[in-house]
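# Understanding the architecture of this molecule
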Amino acid sequence: MFGRSKTTNEELAEQVAVTAREGAKNRPTPKRREQEAARKRPLVETDRKKARDADRAKRREQMAKQRQAMLTGDEAHLPARDKGPVKRFIRDYVDARWGIAEFMLPVMLVVLALSFVRQPWAMLIVFVLVYGLILAAVVDTFLMWRRVKKKLVEKFGEDAVQRGDGFYAAMRAFQMRRTRMPRPAVARGSYPG
């Protein structure tokens, strides 16, 4: 009754009644106050130097994962601006095509070299190359974005296209292919379906 100790038969009966089941928790649920006490941490660490070093190590590890994801295309660790199927579609479409904008940097180096020649014919070539290439690249990128947007709406719906996606596609198109991050995952000519 009250205060009597259990006999061995009663202990054995309890053990039989609570047998370990496969896939079950097999232990009592912890009390809420025990769980809260286990999670409690001070707002300000007492050892500031140790906390700062731990924070730096955590941030460094996160940045290393992000850098590796930029090289391999791992969706889980990409930055927020590059995540998602819509951004992947935009990247793949831009990487699959030849664009005028990606040749701007090499042409600008030639233009820079020509600008040192102080002849009227060289200045005319520099003027035509600079403004002609910029105009052609902007028009080409605009037309590319209209095609990409149309395909995005067909594949993902009207709500999938967000406000900054056009700028995302344009900035990727203006980079040389080998300097793009995340690295191109598709070959030239293999457009996403």
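Residues numbered from 1 in each chain as written. Predicted model: local features only at pLDDT ≥ 70, side-chain atom pairs only at ≥ 80, totals over all residues. Heavy atoms only, no water.

## Comments concerning the confidence of the model for the chain
The predicted coordinates of low-pLDDT regions are not to be read in fine detail. The share of residues in the chain with pLDDT of 70 or more is 91%, and the mean pLDDT across the chain is 86. Per-element confidence in the chain ranges from a low mean pLDDT of 65 for helix 1 (residues 8-17) to a high of 93 for helix 7 (residues 165-173). (pLDDT = per-residue confidence, 0-100. Helix = DSSP H or I, 4+ residues; strand = E, 2+ residues; numbered from the N terminus.)

## What to know about the pattern of salt bridges
Scanning all chains against the criterion turns up twelve salt bridges. A salt bridge links Arg-172 to Asp-95; the nearest nitrogen and oxygen atoms lie 2.9 Å apart. Of this pair, Arg-172 sits in helix 7 while Asp-95 is found in helix 4 (residues 85-96), placing the two residues 77 residues apart along the sequence. With relative accessibility at 4%, the residue Arg-172 sits in the buried group. Given the relative accessible area of 1%, Asp-95 is considered buried. When the shortest N-O distance is used, the salt bridge between Arg-180 and Asp-95 registers 2.8 Å. Taken together, the positions of Arg-180 in the segment after helix 7 and Asp-95 in helix 4 put the pair 85 residues apart, joining distant regions of the chain. Taking the relative accessible area as the measure of exposure, Arg-180 reaches 1% and is therefore buried. (Salt bridge = Lys/Arg side-chain N within 4 Å of Asp/Glu carboxyl O. Buried < 20%, exposed > 50% of the residue type's maximum accessible area, 1.4 Å probe, protein only.)

## Examining a positive patch on the surface
A contiguous patch of positive charge on the surface is contributed by Lys-49, Arg-52, Arg-56 and Arg-60. Its place among the elements puts Arg-52 in helix 3 (residues 48-72). For Arg-52, a relative accessible area of 42% translates into the label partly exposed. (Patch = residues over 30% accessible without salt bridge, like charges linked within 9 Å, V, L, I, M, F, W, Y side chains within 5 Å. Areas by Shrake-Rupley, 256 points an atom, 1.4 Å probe, with all protein chains shown as cover. Lys, Arg positive; Asp, Glu negative; His and termini not counted. Charge placed at Lys NZ, Arg CZ, Asp CG, Glu CD.)

## Section: unusual backbone geometry
Put simply, Met-181 and Pro-182 share a cis peptide bond, and its omega is -10°. Tracing the backbone shows Pro-182 in the segment after helix 7. Phi angles above zero are rare outside glycine, and Asn-26 is one such case at about 60°. Inspection of the secondary structure puts Asn-26 in the loop between helix 1 and helix 2 (32-39). What makes Asn-26 partly exposed here is its relative accessible area of 44%.

## What to know about the nonpolar core
Formed by 14 residues in total, the largest nonpolar core has its most connected members in Ile-90, Val-94, Met-144, Trp-145, Val-148, Leu-152 and Ala-169. At the level of secondary structure, the elements contributing two or more residues to this core comprise helix 4, helix 6 (120-156) and helix 7. Considering every element that reaches this core, the biggest residue donor is helix 4, with five residues. Beyond its immediate sequence surroundings of up to four residues, Trp-145 is in contact with Ile-90, Leu-152, Val-161, Asp-165, Gly-166 and Ala-169. (Core = buried A, V, L, I, M, F, W, Y, C linked by side-chain atoms within 4.5 Å. Contact = heavy atoms within 4.5 Å.)

## Here we look at the side chain of Arg-97
Tracing the chain through its elements places Arg-97 in the loop between helix 4 and helix 5 (104-115). Excluding residues that lie within four positions of it along the chain, Arg-97 makes contacts with Glu-102, Asp-140, Met-144, Arg-147, Arg-188 and Tyr-191.

## A short note on the packing of helix 4 against helix 7
Interaxial distance between helix 4 and helix 7 falls to 10 Å at its minimum, and their mutual angle equals 35°. By crossing handedness, the relation of helix 4 to helix 7 is classed as right-handed. Every residue of helix 7 that contacts helix 4 at Val-86, Lys-87, Ile-90, Arg-91, Val-94 and Asp-95 is listed here: Asp-165, Tyr-168, Ala-169, Arg-172 and Ala-173. In the contact of helix 4 with helix 7, the residues fall into six nonpolar, no polar and five charged. (Axes fitted to C-alpha atoms, helices over the stretch in contact; angles between N-to-C directions. Left-handed = near helix turned anticlockwise from the far one by under 90°. Nonpolar A, V, L, I, M, F, W, Y, C, P; charged D, E, K, R; others polar.)

## Side note on the side chain of Asp-140
With respect to the helices and strands, the residue Asp-140 is situated in helix 6. We classify Asp-140 as buried; its relative accessible area is 15%. In this structure, Asp-140 is in contact with Arg-97, Gly-99 and Ile-100, ignoring residues within four places of it in sequence.

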